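# Working through the structure, step by step
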2 protein chains.
Amino acid sequence: MSRGLLVVISGPSGAGKGTICKALMDKKPEVHLSVSATTRLPRPGEREGESYYFLSEETFRSMIAQNGFIEWACFCQNYYGTPREKVEEQLAAGRDVILEIEVQGAMQVQSKFPEAVFVFVVPPSLTELEHRLCGRGTEEPAVIRERLKTALWEYSNIEKYNYILLNDSVESAVMRLAAIIDAEKMRTERNAEFLTEVFKQKKGLI
Amino acid sequence: MSRGLLVVISGPSGAGKGTICKALMDKKPEVHLSVSATTRLPRPGEREGESYYFLSEETFRSMIAQNGFIEWACFCQNYYGTPREKVEEQLAAGRDVILEIEVQGAMQVQSKFPEAVFVFVVPPSLTELEHRLCGRGTEEPAVIRERLKTALWEYSNIEKYNYILLNDSVESAVMRLAAIIDAEKMRTERNAEFLTEVFKQKKGLI
């Protein structure tokens, strides 16, 4: 059985990657959506193992020390990370795994899993992104400026991704994300087993 | 407007690439299926400009001399080739172009259009291919052996292709071919224009 595909969905916050990933689960329920771990406290309605795995700082740090994360980062004094074990398990079982993570984390994954597929989700335009980032209308201009700077840093890494997924509408974006996953499975370099089989059969034929 | 995608569908004869390409036209009528030129005589029912462009040997040779073919070859004393002009026209107009050609021709296209997408169509197994090649039951064993040798040479080039498309059923293969085309359009390296636009917009934002 061939190993599952690791698909990293990333891009600036406000681009809509969370919504796309949720909709993908409806379309491709056989895919495993990885759940991140965090040290921040649960918000009302958030459930252990669904929204996040909620860990103590001590546990999180000891997992870092044991190479227990594929990627991790610290935002606003809270740790966030992708636990390695579950992801490795699912991939080994031939199941495709989706990581929905920040650009910073995606860059860490790329150095460890160069065979993974990297998809950068963008809103139809940067102006649109600006609207999405400022949309709540309650933030200080300085906060908004900070967010935009982060988004622009994120965009500066776009060329390290394999695909650019324009989030013009969720329905269309999900269809195209599914096409990316289907197409990647057919790439020649992912079909070494099949090639070996062909060359084995060759000998019997002439 | 961005340039169309050049998609080369190739693989051993008997793998079913012709059937897949025809079915793709029903699914994606906006795509242009290139018509080959040949010097062989039309068979009953074949129409000029549909099955082939039927050319005299003189015309064909003068087109070769003028670099009028993207790829060409001589089989059984007849010339076959892909006229360049129409393909270039369609690509420039932003329309995707499908070439359904032999492996030998595909290798010529690869050296001239490295940005093209190369899809190798295979039947579910080599044994299956053997059945398809020998299926008519009327050929000499020597002819069949010759065909199998050709097929095996063709397989030996499979690693130069981007995708392996298993023709387990026409319907499923066409769906997956459509996914390849959709996915390729999102590849970062094909979205240089979009990236330029993003970086232009950046300046206005901070």
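Located above this text is the structure these notes cover.
These numbers were taken from a predicted model, which means no experiment stands behind them. (Residues numbered from 1 in each chain as written. Chains lettered and ligands numbered in written order. Predicted model: local features only at pLDDT ≥ 70, side-chain atom pairs only at ≥ 80, totals over all residues. Heavy atoms only, no water.)

Turning our attention to the overall build of chain A. Scanning chain A for helices and strands turns up eight helices and nine strands. In terms of principal-axis extent, the alpha carbons of chain A reach across some 75 × 40 × 30 Å. When the 206 residues of chain A are sorted by exposure, 47% land in the buried category. Taking as baseline every contact in chain A between residues at least 6 positions apart, the subset at least 24 positions apart corresponds to 68%. By element, 51% of the accessible surface of chain A is carried by carbon and sulfur atoms, the whole surface being about 10400 Å². Charge centroids of chain A, computed over 26 positive and 29 negative side chains, lie 3 Å from each other. (Helix = DSSP H or I, 4+ residues; strand = E, 2+ residues; numbered from the N terminus. Buried < 20%, exposed > 50% of the residue type's maximum accessible area, 1.4 Å probe, protein only. Contact = heavy atoms within 4.5 Å. Areas by Shrake-Rupley, 256 points an atom, 1.4 Å probe, with all protein chains shown as cover. Lys, Arg positive; Asp, Glu negative; His and termini not counted. Charge placed at Lys NZ, Arg CZ, Asp CG, Glu CD.)

Right, let's talk about the relation of the copies chain B and chain A for a bit. For these two chains of identical sequence, chain B goes onto chain A by a turn of 180 degrees and a shift of 0.0 Å along the axis, with RMSD 0.0 Å. In the structure described here, the two chain copies are related by an operation that fits a two-fold rotation axis. Residues of chain B ranked by C-alpha distance from the rotation axis are headed by Ala 179 of chain B, positioned 2.3 Å from it. When you check the interface residues of chain B against chain A, 100% turn up at the interface there too, and the contact is symmetric in its surfaces. (Least-squares fit on C-alpha atoms with pLDDT ≥ 70 in both.)

Moving on to the pairing of strand S1 (residues 6-10) of chain B. Residues and elements named next belong to chain B. Counting buried positions along S1 gives five out of five residues, so the element sits mostly inside the fold. Sheet analysis places S1 next to strand S8 (residues 117-122), joined by four bridges and oriented parallel. Across the sheet, the residue bridging to Val 8 is Phe 118, located in S8. (Pairing = 2+ DSSP bridges.)

None of the figures reported here should be taken as evidence of function without further support.
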